[in-house]
Amino acid sequence: MDMKDREENAAGLLDGDVDRRGFLKCMQWAGAGLVWSFAGGVPTSRLLGAPYKRARAEDFAFVQISDSHIGFDKAANPDVNVTFQAAVDKINSLDRQPDFILHTGDLSHLAKASEFDTLDQLLRGLRQKQTFFVPGEHDLLGDDGKQYFERFGKGSTGRGWRSFDHKGVHLIGLNNSAQLEGLGAIGDEQLAWLKKDVSGLGASTPIVVFAHIPLWAAYPEWGWATKDSAQALDLLKRFGSVTVLNGHIHQTLQKVEGNVTFYSAMSTAFPQPAPGSAPAAGPMKVPAEQLRQVLGIRNVSFVAGQHRLAVIDSPLESA
Ligand SMILES: [Zn+2]
Ligand SMILES: [Zn+2]
C-alpha cells in the first residue's frame, strides 16, 4: 500500500471534507495515535479515538437467502411467493445494496419448471441482479438436477460447484446435496477440485464457503451434517479466516471451530424445529402472525483486516 492509499484510507475514517493539508495537520496532532493493524494479513488503519465514519473502498456486503421452496403450499406457509417477495423488498430497502446475493439452495420444492419460472420472476424484482446459487436436495428431484443446472448453474463446473474472488475475498460454492444418503456429501471429485482451487491462495486470504447442507455436525440424527466435510475443512485449515454459510435446516445456528465460523440461515418459506426438539425434521407450523418472525435474510459484511465477517440475520418482520 503506498502513501497515497494510506492517506485516502485514513482520511476516509475522518469526515469526508478533510483535505490533504487538513489530514496532515491531523497527522501531527494525532502523532502516535495512528494505528495500523495487520489482522489476517490485511493492513488497516484507524486514528485512535476516531469514530469509524465511512466505509472504505475494500469493504463490501452481500446477502444470503436460502430455502425459498417455491411450490410449497402446505399449512406451514400456504404462500411462499409472498414471503419470498417480502425478502426481496427487505433486500431492496437495505441502505447499502449488497454487491451480490448468495442463494444456498432449495430454490424450489419439487424442481418443477413452473417453480423455477416463478423464482426467476421474483428474483427479477431485486435491485441487485447478481445471484450465485448452490443446489439443495429439493432442486435435484426427478431429473437429477438437469433443469437446475441449466438455469441456475451457469458459471459453475462439475456438478454445480464454483469459486470466485471479490475484493480480496475468495468465495467457494459447494454442492453437498447431490449424493444425499441421510447426510450431505461432497464427493471425491469435488474435493479434488477444491484442493486445486485453494492451492494457489495465501493463508491470509479470507475464505467464504457457501453450501446447502451444514458442513458441521449441526444434528446428524436428522441428517444435518455432511459426511465428508472434515476432508474439505482440512483443505481450509491453513487459512486465517474461514466463514461457512449454509441453509437446509431453516433456522439460524452458529458454531466456531478454530479459524472457521459456521452459520446456518433462516428460510424464506417455513421454519423447522430446533435440533432434537421434535420427533422429526420438517416444516413447522407456527401461528400465522409469527411466521415472518422466523423467516428472514442474512446480511454479511466484510471489513478488511477484521478476522471475522459481520453476520446479521434479519427476520422478515421483528417480534
Ligand atoms: Zn429446505
Ligand atoms: Zn434442503
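Whatever comes next refers back to the structure up there.
A quick note: this is a predicted structure, and the numbers were derived from the prediction, not measured.

What counts and what doesn't
Residues numbered from 1 in each chain as written. Chains lettered and ligands numbered in written order. Predicted model: local features only at pLDDT ≥ 70, side-chain atom pairs only at ≥ 80, totals over all residues. Heavy atoms only, no water. Pairing = 2+ DSSP bridges. Helix = DSSP H or I, 4+ residues; strand = E, 2+ residues; numbered from the N terminus. Axes fitted to C-alpha atoms, helices over the stretch in contact; angles between N-to-C directions. Phe/Tyr/Trp six-rings, centres within 6.5 Å; stacked < 30°, edge-to-face > 60°. Buried < 20%, exposed > 50% of the residue type's maximum accessible area, 1.4 Å probe, protein only.

**Some details on the pairing of strand β10 (residues 253–257)**
In step 1: Where β10 meets strand β11 (residues 260–264), five bridges bridge the pair, whose relative direction is antiparallel. Bridge pairing in β11 links L253 to S264.
In step 2: Connecting β10 to the antiparallel partner β11 that follows it, the hairpin turn spans two residues, and G258 within it adopts a positive phi of roughly 60°.

**Some points on the sheet that holds strand β12 (residues 296–302)**
In step 1: One open sheet accounts for five strands, arranged β5-β4-β3-β12-β13; its pairing is mixed. A strand with exactly one partner marks an edge of an open sheet, and here the two such strands are β5 (131–133) and β13 (310–315). Neighbour-to-neighbour, the strand axes of the sheet open up by a mean angle of 25°, direction not taken into account.

**Looking at the environment of S114**
In step 1: With respect to the helices and strands, the residue S114 is situated in helix α4 (residues 113–123).
In step 2: For the pair S114 and G71, spaced 43 residues apart in sequence, the C-alpha to C-alpha distance is 8.3 Å.

**Topic: the sheet that holds β11**
In step 1: Taken in spatial order, the six strands of this open sheet run β6-β7-β8-β9-β11-β10, and their pairing is mixed. Every other strand in the sheet has two partners, leaving β6 (162–166) and β10 as the edge strands with one partner each. Taking each pair of neighbouring strands and ignoring which way they run, the sheet shows an average axis angle of 15°.

**Describing the packing of aromatic side chains**
In this description, a pair of aromatic rings is defined by centroid distance and the angle of the planes.
In step 1: Tallied over the entire structure, the rule returns 15 aromatic pairs.
In step 2: Their ring planes at 45° and their centres at 5.5 Å tell us that F60 and F302 sit as a pair that is tilted. Taken together, the residues F60 in strand β3 (residues 60–65) and F302 in strand β12 connect sequence positions 242 residues apart. Each member of the pair, F60 as well as F302, is classed as buried.
In step 3: Where F62 meets F100, the ring centres are 5.1 Å apart and the plane angle is 10°; that geometry is what we call stacked. Taken together, the residues F62 in strand β3 and F100 in the loop between α3 (80–92) and β4 (101–103) connect sequence positions 38 residues apart. No difference in accessibility class separates F62 from F100, as the two residues are buried.
In step 4: What links up through ring pairs into an aromatic cluster is the set F60, F62, F100, F132, F164 and F302.

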